[in-house]
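Here is what each chain is made of, one letter per residue.
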Amino acid sequence: MASHVRAALAVFFCLLASFPVRAGDMCPAPPKRKNAPANIPAGDHLIRMESDSASLTAEGFAVLNGHVQIHQDTRSVLADSVTYDDKTGKVTVKGAVDFEDPRLRVRSDTGTYDTLGGADFDQANFQIFDRNGRGFAKEMTVHPDGKVNLERVRYTTCPVGNQDWMLQASSISLDTEGQQGVAHHVIMRFKDVPIFYTPYIAFPLGEERQSGLLFPSFGHSGNNGYQLEVPYYFNLAPNYDMTLTPGYLSARGVQLGGEFRFLTAGSHGQIEENFLPNDAIQHSDRAYIHVTDITNLGEGLRFDTDIASVSDSNYFENFGAGADQTSVTFLQRRADILYYDDAWRIRAQLQNFQTIDISIQSGDRPYSRVPRVEASGLWPILNSQFEFVLNSEVTNFLREVGPTGVRLDVSPELRWSDRGAGYFFEPAVGYHYTQYDLQNAAVGDPSTPTRTLPYARLDTGLIFERDAGSAGQRTQTLEPRLVYSFVPYRNQNELPIFDTGQPDMNLVELFRTNRFVGDDRIGDANQVALALTTRLFNQNSGAQYLSATVGQIRYFSTPRVFLPDEITQTLPGQTLGTLPGQQTQVILPGQNLPTLPGQTLSTVPGETPTTYNASDIVSEVSVTAYKNWRVNLDYQWNPYTSQTDKSEVLIQYRPDPSRVVNLGYRFQQDILKQYDGSFAWPIGGHWNTVGRWVYSLQDRQTIEQLAGIEYKSCCWRIQVLQRRYVTNRTGGLDTSIALQLELTGLSSVGKRADGFLSKEISGYSTRDPNAQ
């Protein structure tokens, strides 16, 4: 594999070494009209002629010679000699012909011009106004409706003096009104080397979306061998489109990928699919499909679905690119109907998961929720500061192993709220009622257990402000906050665990009354959460420069409700905070924690009851809008063991949209210890480099590596990306290399790589071609 990479890179650099930086590489403005007629009334259709001399033949033809100029409406013709037939309205032009209309300019030796707006030329050089499209045709016909037919033609969008890429075709039809071009029997030349042939290709003449063949992409990986993809874009309608991408993997066979997108007044969504029949390695059909849709059914009523499926558990290991795909553990299938009005929020949901990591035991896999109905309401009590709140849920849980059944939870709550300019005071009391109807309950456990318990909460805080900055142009705040929670203890050992876990401690969890997520466990509490926040922001723009918070929970009594020892699964939907712009936190082999994309830990299985009088101290610091720097710090410290339990750091330097450097560090005690660095940086006027490196100190292994280089001229861009990444849950690594070429005005395949890089590199954006 390394030899393939070295060979590809050698060819790439040898090719680019021949690319001189010329004045033609600078992106000029699209050509403008030079011979536009002046002071001529629009729409009178009269022909106005000027010349050095004129004569009239016996046949009634007018012959003009020497610096001939013809103007009609918005069209003009310059030539050395002109013959005009008044009966037919045809004008024959010879010698240094220069034709212009609002759409294009043509220069030729001979041609004819029809006063109705048509024209024919031989040996014609042409330019398309408002776009850097130009070329040469043996024969050229201009129609009054803006259509142009060309025979035996060469076409490019490179500026004059630059022919880095050239499209040669037996014929091309340009629709300047519809902003689309169609070519037949096309040979694509890049740096005068033929690189592609197609019997048909469509391409845009403007910025509007157009159907047509996009430029192929090439690559190689250890899993799939050499790869070729040739996408075709269908602009089916202004509000929906489709891209079909046939591909060939030398190690596996032929595949077909597709994406269909739609947008209407009341809905939007897309369908993604990939199908590879009879995989040469696995000897079976391989497929992936992902459907999303959000549809407004009426006022306050919405349908929302997200359904994904793969053919087998190894699909993402074979075809995924990077840890965020190859570490997929479950795929969600979900359909929701939501209703909302001034008081109610109701959701009816069907949800289950396809297990991708089949090493997870059946008893540790997530339950299907078919159905799940949630209803919440809020009603202000008139002429008072009281509010009545109701949260309720009824869910039917299904799974092949373990207890199943229905869970009903109803939680009414009464709140009182008093908010002022520098304070808030919000006490609340509530009541939990939970009822189960179980099948296959554990031996000795009831089939219809019930749990009831009251709770109380007080959330209060102050907000102090002062002017800051040399001219008092900034405001600094100091915001102490206190949340007291009381929940009496109830023995809940007879209740099953359907969808409950304990998320990692952070500032959101710090202020929650129930430390568990899910209704199977409600933690007992007699505690107070204390936090102090300070912010610094601009008084005029509101831009925030600094936000810093530190907090801790103090326990007046030791918590007694915990998850049972046998709960070991990672529950879908619970997440661990990630660094901005980073998609996942990778867990390597040996850590025995199945993960979902974007999550690492969501439960603390078999946790040991704490004997401490306080939680860890958690803190967050965010510095933004300060001289191109951004810093984010999350830190969790155990004051009793004097050790760091979790920390995340991101430092970003972004002096302008084309330059960014990120440095990150992630740590979780006994779980995770990683460095993460990435950058995108131009080197010179036409070169750009990108890179990312993720290294696990705990495993002493690089788990993600990306290096890329790009050369961009005015009319094309070439990009090479080399990656090394985790491909499976046992820590296997694969190396891939991808080559993508974008020809301005013909295809935009390179934008797919831009989308990938924006996920990999926080702050990445494409460079302006005109930036020097």
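Residues numbered from 1 in each chain as written. Predicted model: local features only at pLDDT ≥ 70, side-chain atom pairs only at ≥ 80, totals over all residues. Heavy atoms only, no water.

**Student:** Account for the side chain of Thr-534, with residues named and values stated.
**Tutor:** Within the secondary structure layout, Thr-534 lies in strand E32 (residues 525-538). One polar contact links the side chain of Thr-534 to the main-chain carbonyl oxygen of Thr-477, over a distance of 2.7 Å. Apart from the residues lying within four places of it in its own chain, the contact partners of Thr-534 are Gln-476, Thr-477, Leu-478, Leu-546, Ser-547 and Ala-548. (Helix = DSSP H or I, 4+ residues; strand = E, 2+ residues; numbered from the N terminus. Polar contact = N/O pair within 3.5 Å; in protein donor to acceptor, adjacent residues only side chain to side chain. Contact = heavy atoms within 4.5 Å.)

**Student:** Please provide a residue-by-residue account of the state of the cysteines, values included.
**Tutor:** Summed over all chains, the structure comprises 1 disulfide. Sulfur-sulfur distance for the disulfide between Cys-158 and Cys-715 comes to 1.9 Å. The sign of the 80° torsion about the S-S bond sets the Cys-158-Cys-715 disulfide as right-handed. Separated by 557 residues along the polypeptide, Cys-158 in the loop between strand E9 (147-156) and strand E10 (165-175) and Cys-715 in the loop between strand E40 (701-712) and strand E41 (716-726) bring together distant segments of the chain. The pair formed by Cys-158 and Cys-715 is uniform in burial state, with each residue classed as buried. (Disulfide = S-S within 2.5 Å. Buried < 20%, exposed > 50% of the residue type's maximum accessible area, 1.4 Å probe, protein only.)

**Student:** Any chance you could break down the pairing of strand E25 (residues 386-398) for me, citing the residues and the numbers?
**Tutor:** In this structure, strand E24 (residues 368-380) lies alongside E25, joined through 11 bridges in antiparallel fashion. Bridging from a neighbouring strand, Ala-375 pairs with Ser-392 of E25. What sits between the antiparallel neighbours E24 and E25 is a turn of 5 residues, in which Asn-383 has the positive phi angle 60°. By the bridge criterion, 12 bridges tie E25 to strand E26 (residues 404-416) in an arrangement that is antiparallel. When the bridges of E26 are listed, Glu-387 appears paired with Arg-415. (Pairing = 2+ DSSP bridges.)

**Student:** Any details on a nonpolar patch on the surface? Residues and values, ideally.
**Tutor:** There is a patch of nonpolar side chains on the surface, built from Tyr-423, Phe-425, Leu-462, Phe-464, Leu-478, Leu-532 and Val-550 and spanning about 580 Å² of accessible area. Residue position: Leu-532 is located in strand E32. (Patch = residues over 30% accessible without salt bridge, like charges linked within 9 Å, V, L, I, M, F, W, Y side chains within 5 Å. Areas by Shrake-Rupley, 256 points an atom, 1.4 Å probe, with all protein chains shown as cover. Salt bridge = Lys/Arg side-chain N within 4 Å of Asp/Glu carboxyl O.)

**Student:** Please set out the nonpolar core residue by residue, giving values where relevant.
**Tutor:** Within the largest apolar cluster, 48 residues are counted, with the highest numbers of intra-cluster contacts made by Met-140, Trp-165, Leu-167 and Ile-172. If sequence neighbours within four positions are ignored, Ile-172 has contacts with Val-148, Asn-149, Leu-150, Val-153, Tyr-155, Leu-167, Val-182, Ala-183 and Phe-203. Among the nonpolar cores identified, the runner-up in size contains 11 residues, and Leu-249, Ala-308, Tyr-315 and Phe-316 belong to it. (Core = buried A, V, L, I, M, F, W, Y, C linked by side-chain atoms within 4.5 Å.)

**Student:** Can you explain the environment of Gly-469? Please cite residues and give values.
**Tutor:** Here Gly-469 shows up in the loop between strand E30 (464-468) and strand E31 (474-487). A C-alpha to C-alpha distance of 9.4 Å links Gly-469 and Asn-538, two positions 69 residues apart in sequence.

**Student:** Go over the pattern of salt bridges, please, and point to the residues and values.
**Tutor:** Note on pairing: side chains with opposite charge can pair once their charged atoms come close. Following the criterion strictly, the structure yields 34 salt bridges and no others. Note that Asp-98 and Arg-105 form a salt bridge whose closest N and O atoms lie 2.6 Å from each other. Looking at Arg-105, the relative accessible area reads 9%, which means it is buried. Asp-336 is paired through a salt bridge with Arg-334; the nearest N and O atoms lie 3.0 Å apart. Accessibility assignment for this pair places Asp-336 and Arg-334 in one class, buried. One network of salt bridges, with partners in common, ties together Asp-304, Arg-334, Asp-336, Arg-347, Arg-369, Arg-372, Glu-374, Glu-393, Arg-407, Asp-499, Asp-519 and Asp-520.

**Student:** Could you give an account of the environment of Arg-717, with specific residues and numbers?
**Tutor:** By the secondary structure assignment, Arg-717 is in strand E41. Remark: the alpha-carbon pair of Arg-717 and Gln-740, spanning 23 residues in sequence, is separated by 8.3 Å. In this structure the side chain of Arg-717 is engaged in a polar contact, spanning 3.0 Å, whose partner is the side chain of Glu-710.

**Student:** Describe in detail unusual backbone geometry, supporting the description with residues and values.
**Tutor:** That bond from Val-370 to Pro-371 is cis: its omega, -5°, falls within 30 degrees of zero. Along the chain, Pro-371 falls in strand E24. A positive phi angle is found at Asn-440, which is not glycine, with a value near 60°. Look at Asp-670: it is not a glycine, yet its phi comes out positive at around 65°. Mapped onto the fold, Asp-670 is located in the loop between strand E37 (659-668) and strand E38 (672-682).

**Student:** Account for the packing of aromatic side chains, naming residues and giving values.
**Tutor:** Taken as a whole and assessed by the stated rule, the structure comprises 25 aromatic pairs. Where Phe-190 meets Trp-716, the ring centres are 4.9 Å apart and the plane angle is 85°; that geometry is what we call edge-to-face. Here Trp-716 lies in strand E41 and Phe-190 lies in strand E11 (residues 180-190), a separation of 526 residues in the sequence. Considered together, Phe-190 and Trp-716 belong to a single accessibility category, that of buried residues. Pairing Tyr-232 with Phe-234 gives two aromatic rings, centres 4.7 Å apart and planes at 55°, and the pair type is tilted. (Phe/Tyr/Trp six-rings, centres within 6.5 Å; stacked < 30°, edge-to-face > 60°.)

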